[in-house]
Amino acid sequence: MASEWQYALARARAEAPFLARALERQPALSDLLEQGDGAAALEWAAQAGAGATTIGVALRRERLAYATALAIGDLAGAFPLEQVMRELSALADRALDKAITDAITRRVEDAEPQGMIALALGKHGARELNYSSDIDPILLYDPMRLPRRERDEPGEAAQRYARELVQMLSQNTEEGYVFRVDLRLRPASEVSPLAISCDAALTHYESSALAWERAAFIRARTAAGDIAAGKEFLASIRPFVWRSSLDYGAIEEIRRLTTRIRANYSGPQEPEPGFNLKHGRGGIREIEFFAQTHQLIHGGRDASLRLRGTRAALDALAAAGRIHVDEAELLGKSYDRLRLIEHRLQMVEDRQTHSLPGGGALDSVARLDGLADGAALIAELREITAGVARLYDTVIAESDGSDATVAATQSLPDRLEELGFTDPQQLAERISDWRDGRYRTLRSAAALGAFDALLPALLKAFAAADDPERTLLRWEGVLANAPSAINLFRLLEARPALLGQLTSILTLAPTLAEDLGRWPELLDTLLDQSALDLPGSVEQLASRMETGDAQGDYERQLDRIRVVTGEMRFALGLQLIEAVHDPLDIAAALSRTAEAALAVAHRAAEEEFARKHGRISGSELIVLGLGRLGGGALTHASDLDIIYLFTGETGHESDGERPLGGTHYFNRLAQRVSAALSVPTAHGALYEIDTRLRPQGTQGPLAATVESFAKYQREAAWTWEHMALTRARVLIGSDKARHDLDAVVVSVLGQERDPVVLRSDVLKMRSEMAQHKAPAGPLDAKLLRGGLVDLEFVVHFLQLRDRTGFSPDLGQACAALAVADLIPPELIEAHDFLTRLLVSGRLLAPDLSEPPPAAAQALAQACGCADFSALLHHLGEARQEVASAWAQAFDEILEID
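Along each chain, the written sequence defines residue order, and numbers are assigned to residues from 1. The predicted nature of this model means local features are confined to residues of pLDDT at least 70 and side-chain atom pairs, given and counted, to a pLDDT of 80 or more, with totals for whole chains, interfaces and linings taken over all residues. Only heavy atoms go into the side-chain values, all of them from the structure, while hydrogens and water stay out.

Following the sequence through the fold, Gln575 ends up in helix 29 (residues 554-577). For Gln575, a relative accessible area of 0% translates into the label buried. Note on contacts: a residue pair is in contact if any heavy atoms of the two residues lie within 4.5 Å. The contacts of Gln575, once residues within four sequence positions are left out, are Ala531, Leu532, Asp533, Leu534, Val580, His581 and Ile586. Only DSSP runs of H or I reaching four residues or more are called helices, and only runs of E reaching two or more are called strands; each is numbered from the N terminus. When a residue's accessible area, from a 1.4 Å probe over protein chains only, is under 20% of the maximum for its type it is buried; when over 50% it is exposed; and in between it is partly exposed.

The structure is reproduced here in structure tokens:
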């Protein structure tokens with residue numbers, strides 16, 4: 001009746017902005033619909049793309065016309081649900097086929113789309129697409145038959161076609177879009193290419209696919225491209241989908257799939273604003289899984305159950321006696337009604353939504369459906385979903401009642417509340433968001449299965465953290481950046497100790513957690529059996545940095561340095577927070593790692609620089625380490641304090657195609673070495689390089705001759721520069737250069753000094769430093785009065801005054817001064833404790849305030865204390881020892897808190 005069509009049009013224009021715009025944009029189609037001529041409207045839609053300049057434009061116009069005609073016919077009651085879904089699915093088939101053909105023929109003119117297959121899964125495969133649905137194809141190709149240019153490899157050609165297909169259909173232009181294309185159902189989607197070879201896909205399904213993928217293939221069919229090849233492929237994996245017998249483990253896995261729906265849904269438990277018609281209790285997904293679960297269990301032996309459509313499958317199950325007839329009828333009618341209301345939700349703005357809106361928007365959806373208001377719609381939906389939920393409960397109840405099953409069937413918000421999370425509902429929604437495709441790491445069935453198995457232990461560990469919310473944020477950083485984590489999830493489930501290490505990193509060490517978020521490949525470090533071993537010598541570390549495919553390629557070499565250094569720093573951080581090794585040994589290992597990175601960066605930069613500028617015979621660049629690098633005891637936050645020097649005459653010129661004079665040459669080379677260590681690459685930066693300790697500081701050249709350095713140190717250097725020189729150690733240079741420079745340093749440090757002037761200089765410098773650099777917190781072992789800086793000033797004053805006890809290693813210097821009876825032996829213990837606190841605190845208390853309880857205990861343990869209270873006591877004692885040594889050395893009281 002024309003009146004029904006006009007009523008439908010009126011509701012569409014009043015309640016659905018998308019349909020209103022579409023009708024206004026297509027007046028000819030609107031006239032046909034006004035006349036109530038549905039058949040003519042569909043014929044018009046089929047030709048809507050005629051005359052378009054491109055396939056993409058034609059498909060968008062055709063899709064808009066079908067969306068409009070089918071929606072109005074649906075609202076008028078003229079087009080039954082089955083017809084609407086079938087027409088939308090057929091449109092998707094045509095769009096895929098045309099997109100494949102266009103992608104291939106634009107590369108290979110007049111080619112047939114042989115060897116490229118689009119398998120339709122999900123609602124598309126069942127010909128049950130909803131009004132604003134994604135399509136979930138799996139793209140396969142046959143390398144022997146795929147049309148391609150002669151120079152194109154089959155895999156490269158297939159990926160090109162897949163990218164162009166997705167762009168053609170999904171891109172939203174002024175003409176709209178055709179279909180959103182989701183390729184995440186392909187095998188191992190987080191790591192695999194967009195199109196998979198048939199052989200690779202077959203191997204996956206025969207060897208490593210999960211029950212989730214079996215369920216997906218119940219509704220699979222060949223939708224586009226090489227239809228014959230697609231049918232052949234589906235026939236080859238039929239035994240994977242339809243097994244003649246199921247073992248107990250497979251049945252339990254299927255049941256886990258069903259219970260997971262409930263466990264991961266976090267919205268309202270019955271229809272109201274926010275209720276999800278697809279995922280909610282008693283919703284569309286439960287009906288589909290009810291049918292598919294029975295199909296998977298019984299379809300291997302009964303071919304009559306191997307049907308794609310949900311209604312058809314329910315009817316077949318009833319006919320075979322696998323479910324009751326009244327169950328099939330209730331579920332079938334409920335399915336149809338829920339799908340109709342789903343269509344109404346999506347017609348409003350052409351959005352893929354399944355959630356009921358609130359307020360006036362709910363009333364609008366109800367009126368679009370022909371109901372009086374939102375309350376009437378809610379009442380109807382509550383009755384429908386209650387009946388569905390009761391039947392779905394019977395599927396869950398068939399499980400064996402084990403603890404694992406109980407955990408799986410318990411709703412996620414309830415589990416989170418039991419664990420003590422403050423807002424379990426909000427967290428459940430976040431976790432559901434993780435699983436619904438927000439992170440590529442979780443976009444395959446295999447990844448989801450591995451993740452779900454790990455999730456209970458993961459949540460339990462996070463709940464025990466001092467700051468669960470921050471821990472969750474760090475975990476999300478890992479999920480966001482990890483390219484793949486299936487193997488990690490499975491390994492963490494199998495090896496709880498690894499999960500404990502990961503949790504320690506996320507909960508205790510912000511710096512390591514941030515590194516892990518930026519570079520999730522650091523997770524591989526946990527899998528290495530040697531992850532808790534201290535690294536070897538500088539030479540061994542350098543050898544690791546120079547192996548692989550980096551040799552001869554400067555950029556790759558810089559990346560390789562960063563990868564190995566990052567792995568070592570991460571492993572050493574783990575060793576620190578797990579209290580596997582003494583922080584003093586960790587500090588030494590961090591220094592060896594930096595020295596190795598410096599050595600390899602120097603060699604690589606020198607080689608690269610020489611390609612253009614050549615070399616200067618008889619001259620070389622020398623790198624002098626100072627501060628904690630010179631002393632061989634770095635922290636995770638240390639800069640590298642270095643001075644660049646060079647040997648030879650400044651007037652000599654390099655022998656390359658672009659020669660440089662000596663001074664210019666070595667200053668440029670020094671810049672290159674610094675950049676090699678500090679400039680970020682794809683694998684991040686390495687170190688901050690501090691060269692301000694060079695002669696004349698920032699006012700002087702970056703690299704100076706050894707002779708000018710010696711002259712400056714003997715004649716013009718300040719007392720503080722000689723104090724810095726007590727920690728100097730040659731890191732880069734030939735044996736002769738090292739010997740000569742060591743002689744300069746020994747000569748300078750051995751100069752006779754006026755004790756009164758020296759004392760005055762040292763005290764003045766410390767006073768100025770205290771005014772400008774206050775302690776950052778109560779755990780600032782460096783800057784607190786009585787801390788490491790004061791200890792260093794005492795040691796360096798005594799070294800320079802008495803010309804003894806020189807060693808770049810501050811601990812060894814303390815030992816030498818103690819032997820000389822210049823400091824009490826207790827100062828050695830104070831040095832060791834303060835250094836342990838400094839090294840450990842950089843990871844476990846980076847803001848140098850009292851950390852949360854778990855981190856405080858880890859910090860205490862790393863420093864050899866029973867608890868945090870004992871740590872504070874030891875800190876007080878160490879500071880008193882430093883104050884005592886200060887008073888003895890300077891005859892001045894050091895005020896400490």
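With that out of the way, let us pick up the sheet that holds strand 4 (residues 221-225). Two pairing modes exist for strands in a sheet, parallel and antiparallel, and in both the strands are linked by backbone hydrogen bonds. Pairing between two strands requires that DSSP report at least two bridges joining them. Read across the sheet, four strands follow the order 3-2-1-4 without closing on themselves; strand pairing throughout is mixed. In this open sheet, the two edge strands, each paired with only one partner strand, are strand 3 (195-197) and strand 4. Ignoring strand direction, the axes of neighbouring strands in this sheet form an average angle of 35°. With four bridges joining them, strand 1 (residues 116-120) and strand 2 (residues 138-141) adopt antiparallel strand pairing. Residue pairing for strand 2: Ile117 is matched across the bridge by Leu140. Orientation is described by lines fitted to C-alpha atoms, with helices fitted over the stretch in contact, and by angles between N-to-C directions that extend from 0 to 180 degrees. Most of the contacts of helix 8 (residues 154-170) go to strand 2, to which it runs at about 150°, and overall it touches strand 1, strand 2 and strand 3.

Side chains carrying opposite charge are able to pair once their charged atoms draw close together. Definition used for salt bridges: Asp or Glu carboxyl oxygen within 4 Å of a side-chain nitrogen of Lys or Arg. Within this structure, the stated rule accounts for 45 salt bridges. Salt-bridge contacts for Arg603 lead to Glu546; the nearest nitrogen and oxygen are separated by 3.0 Å. One end of the pair, Arg603, is in helix 30 (residues 583-613); the other, Glu546, is in helix 28 (residues 538-546), and 57 residues separate them in sequence. The exposure class of Arg603 is partly exposed, given its relative accessible area of 38%. You can call Glu546 partly exposed: its relative accessible area is 22%. Asp802 is paired through a salt bridge with Arg801; the nearest N and O atoms lie 2.5 Å apart. For Asp802, a relative accessible area of 31% translates into the label partly exposed. In this structure Arg801 comes out as partly exposed when scored by relative accessible area, which is 32%.

In globular proteins that are soluble, nonpolar side chains generally tend to be buried together. We call a set of buried Ala, Val, Leu, Ile, Met, Phe, Trp, Tyr and Cys residues a nonpolar core when their side-chain atoms join them within 4.5 Å. In this structure, Trp475 and Leu871 are the most contacted members of the largest nonpolar core, which totals 162 residues. Top contributing element to this core by residue count: helix 30, with 14 residues. Apart from the residues lying within four places of it in its own chain, the contact partners of Trp475 are Trp434, Phe451, Leu458, Phe462, Phe489, Leu502 and Leu506. Listed in part, the 100 residues of the second largest apolar core include Leu88, Ile100, Ala162 and Ala195.

The contact between helix 16 (residues 325-347) and helix 17 (residues 359-369) brings their axes to 9 Å, and the two run at 120°. Judged by the inter-axis angle, helix 16 sits oblique to helix 17. The handedness of the crossing between helix 16 and helix 17 comes out as right-handed. Contact with helix 16, carried on its side by Arg337, Arg344, Leu345 and Met347, involves Val365, Leu368 and Asp369 of helix 17 and no other residues of that element. Under the convention adopted here, Pro, Cys and the residues Ala, Val, Leu, Ile, Met, Phe, Trp and Tyr are nonpolar, Asp, Glu, Lys and Arg are charged, and Gly plus all remaining residues are polar. The residue inventory of the contact of helix 16 with helix 17, partitioned by class, reads four nonpolar, no polar and three charged. Here the angle decides the label: under 35 degrees means roughly parallel, over 145 means roughly antiparallel, 65 to 115 means roughly perpendicular, and every other value means oblique. Working rule for handedness: look at the near helix, and if it is turned counterclockwise from the far one by less than a right angle, call the crossing left-handed; if clockwise, right-handed.

Turning to the pairing of strand 6 (residues 640-646), a few remarks are in order. Consecutive side chains of a regular strand alternate in pointing toward one face of the sheet and then the other. With seven of its seven residues buried, strand 6 lies for the most part within the structure. Where burial is concerned, the two faces of strand 6 agree: the one with Leu640, Ile642, Tyr644 and Phe646 and the one with Asp641, Ile643 and Leu645 are both buried. Pairing geometry for strand 5 (residues 621-626) and strand 6, over six bridges, is antiparallel. When the bridges of strand 6 are listed, Leu624 appears paired with Ile643.

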